[in-house]
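Reading the structure
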Amino acid sequence: MNDHHHAPPQGFLRKYVFSLDHKVIGKQYYGLGLLAVVIGMVLSWLMRIHLVWPNFAIPGLGLLSSAGAPGGVITPEYYLQLMTMHGTLMVFFVLTNVPFAGFGNYFLPIQIGAEDMAFPRFNMMSFWVTFVGFCVLVAAFFVGDGPPLSGWTSYAPLSAIPGTGPGQAVGQTLWAVSIAIFCIGQLLGSLNFITTTLDLRARGMTLMRMPLCTWAWFITSCIGLLAFAVLLPACILLILDRVAGTSFFVPSGLVVSDQLVNHSGGSPLLWQHLFWFFGHPEVYIAILPAAGIVSHILVNSYRRPLLSHKVVIYCMIAIGFLSYMVWGHHMFLSGMNPFSAIVFSLPTLIITIPATILTLIWIGSLYGSKLQITSASLFALGFVSMFVSGGVSGFFLAQPSIDVYLHGTYFVVGHFHMVMGVAAIFGMFAGTYFWAPKMFGRVMNETLGRIHFWGTFVGTYCIFMPFHYLGIVGNVRRYSAFVDDYLAPLMPVHRFITIAALFTGAVQLIFLYNLIYSRFKGAPAPQNPWQCTSLEWTVPSPPPWDNFGGKYPVVYHDPYQYGIEGSSGDYVMQDSPEQIQTAREDKKLI
């Protein structure tokens, strides 16, 4: 089914601001994620500087918060406020926005042969709702006594009772409102992705002929539809506890600042269950789109098919399904029944099986390949490295007896930053270098791209691998300072991490320069610079407003016909009627 969903854009606002074009909306999501990651990176710099030089006066910071940073010196409470905002911005507005909503919005319709998303107005609404959520969150910096200090997880009852600390008044309420708004935007987007994938595929585009990144976006939208549908009412209940006097998360007999809280009957553990029922699938909402993008790029760089692209699809489906069975491993320290801990520990170990198979396919497919080294392929391989290095430490945290010791330490910080944060960001970088020619019509500078990769790759290992060592020796996370006898053996490590963080952040300026300069003055991009086979490379760069110029593509092959003997090149496009012999061709229409 292919119909024009809307007329060509007329006027500046409809073309660039309130656009119905999925490609413009994808760029808007990407731009929002870029803004959020810059803010989040600056916040991480501030925290790292404070950990190593706690009395250092940061110029201008006192203007942002005179109470939290008097004279530019960060207080322990403000350190926690910065940590809360850093985590919230990175998890929600970067790791969720860019690989899923940004690249997915731009390329999913083109890759399946559609002219636009199924619901263009819902699509526009999903971005602007998300943008409002971002503005509400950032507003917490400028109201009352600043943003909340309850962490990006906002555990109750700390988050459910006003006045429990700096930022726990208006700032915490804004946090809950922001995340609730964000959930609405993601639900709209997920419905759109699912409907588009199922209903708007071109003739011949069976499910098994969809590119791996399209599969990843589809699976992620299914995960998000359930995950955000749970977090949204949880945030509404939290807001009601704060402003309407309800007691969903506030227990009886609670004393705050020597005053008995007039609430009863609530359960702080209820918030943890609701939050982590969303929170662990959220890990895969960030990782799966990046894994799909990386798979798509690696096949192109190998110039040969993966060992089995169908197994990659089945593994991603298995990960999505199992992601809802493991949320309790975040709560091993909550006092749960030991038998419940075992129940959650088992699927936590089982979910590593499809993840391991994915990794083995990525690495095993290298054998016999004709690997082409580009900035995109380097970041794709870097993703595999980060995914493995961060994932291995998850085995330790899956064991309740070991997690009891490690959970409150820097070991956990190193684990989730590498496997969820850095790996997903490497996927974003890979997608940017790979698809920038199609999105902007210009090629990014390869030399700067490779410098950016090596600086980022070495820098991130220097930052997050030592976190595991700090955790093993007992360095507690979320503390803003340490006593002298504890500081001596650890401070050199923290100083090393801080210097590495400042260096790695500075390297990202190379990427920003490359992206902005190439956007306007880069070399013009040919239609298919990477000799890729999927449908997005059959249209001009950048594509017209209706993607295919009114022509309806017909798909004859799966998207990874590389290394084909006897063809005009070493690849065959999906829409090419050229007859080829392959055992991988799926004849069944799904």
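In case you missed it, the structure is sitting above this.
Residues numbered from 1 in each chain as written. Predicted model: local features only at pLDDT ≥ 70, side-chain atom pairs only at ≥ 80, totals over all residues. Heavy atoms only, no water.

**Concerning the overall build of the protein chain**
Counting its secondary structure elements, the protein chain contains 18 helices and 4 strands. Its C-alpha radius of gyration of 24 Å places the protein chain within 12% of the 25 Å reference for a compact globule of 590 residues. Taking the principal axes of its C-alpha atoms as reference, the protein chain extends roughly 80 × 55 × 50 Å. Across the 590 residues in the protein chain, those meeting the buried criterion constitute 60%. Pairs at least 24 residues apart make up 79% of the contacts formed inside the protein chain by residues separated by at least 6 positions. Of the roughly 22,400 Å² that the protein chain leaves accessible, carbon and sulfur atoms contribute 70%. In the protein chain, 26 positive and 23 negative side-chain charges are present, and the distance between their average locations comes to 8 Å. (Helix = DSSP H or I, 4+ residues; strand = E, 2+ residues; numbered from the N terminus. Rg over C-alpha atoms; globule rule 2.2 N^0.38 Å. Buried < 20%, exposed > 50% of the residue type's maximum accessible area, 1.4 Å probe, protein only. Contact = heavy atoms within 4.5 Å. Areas by Shrake-Rupley, 256 points an atom, 1.4 Å probe, with all protein chains shown as cover. Lys, Arg positive; Asp, Glu negative; His and termini not counted. Charge placed at Lys NZ, Arg CZ, Asp CG, Glu CD.)

**Some points on the pattern of salt bridges**
For the coordinates displayed, the defined rule picks out 2 salt bridges. The partner of Lys23 in a salt bridge is Asp21, and the shortest N-O contact between them spans 3.0 Å. With a shortest N-O distance of 3.5 Å, Glu446 and Arg450 are connected by a salt bridge. Of this pair, Glu446 and Arg450 both sit in helix α17 (residues 446-472), 4 residues apart, roughly one helical turn. Given a relative accessible area of 23%, Glu446 falls into the partly exposed group. (Salt bridge = Lys/Arg side-chain N within 4 Å of Asp/Glu carboxyl O.)

**Quick notes on the nonpolar core**
Core analysis: the biggest nonpolar cluster contains 176 residues, and Phe92, Phe103, Trp215, Trp217, Phe383 and Trp435 have the highest contact counts within it. Setting aside chain neighbours within four positions, we find Trp435 in contact with Phe103, Phe107, Gln111, Cys213, Trp217, Ile293, His296, Glu536 and Trp537. (Core = buried A, V, L, I, M, F, W, Y, C linked by side-chain atoms within 4.5 Å.)

**Comments concerning the layout of surface pockets**
Counted as a void, the second largest pocket has a volume near 440 Å³. Lining the second largest pocket are 18 residues, and of these Lys15, Tyr16, Asp21, Val24 and Lys27 sit closest to its centre. Among the secondary structure elements, those contributing two or more residues to the lining of the second largest pocket are α1 (12-17), α2 (22-52) and α16 (410-440). In terms of residue class, the lining of the second largest pocket is built from 12 nonpolar, 1 polar and 5 charged. (1 Å grid on protein atoms, 1.4 Å probe; cavity = no way out; pocket = protein on both sides within 12 Å on 5 of 7 lines; lining within 4 Å. Points joined across faces, edges and corners; volume = space filled by probe spheres on them. Nonpolar A, V, L, I, M, F, W, Y, C, P; charged D, E, K, R; others polar.)

**What to know about empty space enclosed by the protein**
Tallying each qualifying case throughout the model produces 2 cavities of 30 Å³ or more. Around the largest cavity, the lining residues are Tyr29, Phe100, Ala101, Asn105, Asn123, Ser126, Gly185, Gln186, Gly189 and Phe193. Listing elements by their share of the lining of the largest cavity, those giving two or more residues are α5 (97-111), α6 (120-139) and α7 (170-199). Counting residues per element, the lining of the largest cavity draws most heavily on α7, which supplies 4 residues.

**Considering the packing of α2 against α6**
Contact geometry for α2 and α6: axes closest at 10 Å, N-to-C directions at 15 degrees. Classified by the interaxial angle, the pair formed by α2 and α6 is roughly parallel. For the pair α2 and α6, the sense of crossing is left-handed. Counting all contacts with α2, which are made through His22, Ile25, Gln28, Tyr29, Leu32, Leu35, Ala36 and Ile39, the residues of α6 involved are Pro120, Asn123, Met124, Ser126, Phe127, Trp128, Thr130, Phe131 and Phe134. Of the residues contributing to the contact of α2 with α6, the split by class is 12 nonpolar, 5 polar and no charged. (Axes fitted to C-alpha atoms, helices over the stretch in contact; angles between N-to-C directions. Parallel < 35°, antiparallel > 145°, perpendicular 65-115°, else oblique. Left-handed = near helix turned anticlockwise from the far one by under 90°.)

**Notes on unusual backbone geometry**
Looking along the chain, the bond that leaves Ala156 and enters Pro157 is cis, with omega of 5 degrees. Not every positive phi belongs to a glycine, and Asp258 is a case in point at roughly 65 degrees. Note on placement: Asp258 falls in the loop between β1 (255-256) and β2 (259-260). Relative accessible area serves as the criterion here: at 74%, Asp258 is assigned to the exposed category. Phi is positive for Asn547, which is not a glycine, with a value near 75 degrees. Secondary-structure assignment places Asn547 in the segment after β4 (523-524).

**Focus: the packing of helix α11 (residues 338-350) against helix α12 (residues 352-364)**
Where α11 contacts α12, the two axes come as close as 4 Å, and the packing angle between them is 10 degrees. Relative to α12, α11 is oriented roughly parallel. Where α11 approaches α12, its residues Thr348, Leu349 and Ile350 are matched on the opposing element by Thr352, Ile353 and Pro354. For the contact of α11 with α12, the class distribution of residues is 4 nonpolar, 2 polar and no charged.

**Let's talk about helix α13 (residues 375-392)**
In this model, α13 (18 residues) spans 26 Å end to end at C-alpha, consistent with the 26 Å of a helix rising 1.5 Å per residue. Burial in α13 covers these residues: Ser375, Ala376, Ser377, Leu378, Phe379, Ala380, Gly382, Phe383, Val384, Met386, Phe387 and Gly390. In the core, the buried residues of α13 are packed alongside α9 (268-302), α12, α14 (394-397), α16 and α17. (Expected span 1.5 Å × (residues − 1).)

**A word on the packing of aromatic side chains**
As enumerated under the stated definition, the model contains 53 aromatic pairs in all. A centroid spacing of 5.3 Å and a plane angle of 85 degrees characterise the contact between Tyr29 and Phe127, whose relative ring orientation is edge-to-face. A residue pair is termed long-range when its members are at least 10 positions apart, and Tyr29 in helix α2 and Phe127 in helix α6 qualify at 98 residues. There is no split in this pair, since Tyr29 and Phe127 are both buried. Ring centres of Phe119 and Phe122 lie 5.8 Å apart, and the angle between their planes is 50 degrees; on these two criteria the pair is classed as tilted. Using a relative accessible area of 36% as the deciding quantity, one classes Phe122 as partly exposed. An aromatic cluster of three or more residues is present, and its members are Phe92, Phe93, Phe134, Trp152, Phe182, Phe228, Phe249, Trp271, Phe275, Trp276 and Phe278. Taking NZ or CZ as reference, Arg519 lies 5.2 Å from the ring centre of Phe520, over its face. (Phe/Tyr/Trp six-rings, centres within 6.5 Å; stacked < 30°, edge-to-face > 60°. Lys NZ or Arg CZ within 6 Å of the ring centre and 35° of its normal.)

**Topic: helix α8 (residues 212-243)**
Here α8 contains 32 residues, and its C-alpha end-to-end distance of 45 Å stays within 8% of the 46 Å for a straight helix at 1.5 Å per residue. By the largest-angle criterion, Gly224 marks the main kink of α8, which is about 25 degrees. For α8, the tally of buried residues reaches 23 of 32 residues, placing the bulk of the element in the interior. Trailing α8 by a residue or two, Gly245 shows a phi angle of about 80 degrees, which is positive. (Bend = angle between axes of the 7 residues up to and from the residue.)

Shape descriptors only; they carry no functional weight alone.
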